[in-house]
Amino acid sequence: MSPVLIPNGYTKDYLDGKISHSDQKQTIIDAFSQVQKSSRVVLCEGTGHCAVGSIVGAGNAQVASWLGADMVLVANGGLGATFDELELNRVLCQKHNVPIAGVIINKVQVDKYEQTEYYLRRVLQERWGVPLLGCVPDRPYLGCPAVADLERLFRGKLLSGHQHRLRHYTVKDINLVATSLPVFLENVRAKPSRTLYVCHSSRQDILLGFLAECQRHRTLGQELEATLIVCEGEQLDPRMLDMIELDRAPPILLVSQPTTQVMDAIHEFTPKLNADDFSRVESTVDHYEPFIDFDLLLERTGNSMAAAMSEEKAVVAGP
């Protein structure tokens, strides 16, 4: 639930006095109160760092102060840069009198996990007097986009392979096809079956070769788990569409963007969890739960399990 949406033009309207600060603040408080009535614990997710939203008088730290919420700071793994980022957010929380319940460090390099946990736990306690609530090692799969994520990202049209919309791909397994058809077919047979290929719609030979390779796998009793993204798809010959077996072909995604833009966007993209992606949601829960001290988190926010049965309390997680 987002009680205040900020579309294009909202910031200018706020600065021009067309949007009331008091009304905006009350909308947030009312929405929180409504959720709190039916909840033992309310977790408010802050978007970005603690200052996000400040231009419209509703930064994350400000909102936490309105709601009387404790703050849990979350930062990606490391030492120097990580603590510097946390310190900036701590100062803003201090300005708005928001208590910091603790810190969670996310996506820690596996080979540096022990040193990261040791030093950050020590420095947070010595300098801030707050605990490290969790230190979570990185698991790249959780950041791998599924076909459905790419379909939404590019607002494309999935021509086939709809049953595989939740199939995931790693960024390192993305290949821009700029070779001849024979070389492309050699690559398809040499690379992992679950590889993401990107080509231009003018390369109809690549599309035909992709479909043929899918058929070859099928005759061998195998499944080609690759996906092909066809860029500037409006230029695709309509007769090509008739050749795609919509129920049996692997995922073929038609997008309007040029190849370079597609490649850049995929490399920069961080997919969000969604309720339909059961595999990634379950994997996320299984991965994070052992590394976060939820009992300590509840205790630090006045939400012991016994207290949580009878009281409501807000916790804001950010940045």
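What counts and how
- Residues numbered from 1 in each chain as written.
- Predicted model: local features only at pLDDT ≥ 70, side-chain atom pairs only at ≥ 80, totals over all residues.
- Heavy atoms only, no water.
- Axes fitted to C-alpha atoms, helices over the stretch in contact; angles between N-to-C directions.
- Helix = DSSP H or I, 4+ residues; strand = E, 2+ residues; numbered from the N terminus.
- Left-handed = near helix turned anticlockwise from the far one by under 90°.
- Contact = heavy atoms within 4.5 Å.
- Nonpolar A, V, L, I, M, F, W, Y, C, P; charged D, E, K, R; others polar.
- Buried < 20%, exposed > 50% of the residue type's maximum accessible area, 1.4 Å probe, protein only.
- Arc of directions from axis to C-beta.
- Pairing = 2+ DSSP bridges.
- Right-handed = clockwise from strand over helix to strand, strands pointing away.

A. Focus on the packing of helix 7 (residues 181–190) against helix 8 (residues 204–219). Close contact between helix 7 and helix 8 brings their axes to 10 Å; oriented N to C, the two are set at 35 degrees. The element helix 7 and its partner helix 8 pack so that their crossing is right-handed. In this structure, helix 7 uses Leu181, Phe184, Leu185, Val188 and Arg189 to contact helix 8, whose residues at the interface are Asp205, Ile206, Gly209, Phe210, Glu213 and Arg216. Residue composition of the contact of helix 7 with helix 8, grouped by class: six nonpolar, one polar and four charged.

B. Representation of helix 10 (residues 259–268). Every buried residue of helix 10 is listed here: Thr259, Val262, Met263 and Ile266. Taken end-on, helix 10 shows its buried residues confined to a sector of 95 degrees, consistent with a single buried face. Exposed side chains of helix 10 directed beyond 90 degrees from the buried face belong to Thr260 and Glu268.

C. Summary view of the pairing of strand 2 (residues 70–76). Across the seven residues of strand 2, five count as buried, placing the element largely inside the fold. Here strand 2 runs beside strand 3 (residues 100–108); their pairing, made up of six bridges, is parallel. Considered in strand 3, the bridge of alanine 75 is made with isoleucine 105. Crossover connection from strand 2 via helix 4 (residues 80–95) to parallel strand 3: handedness right-handed.

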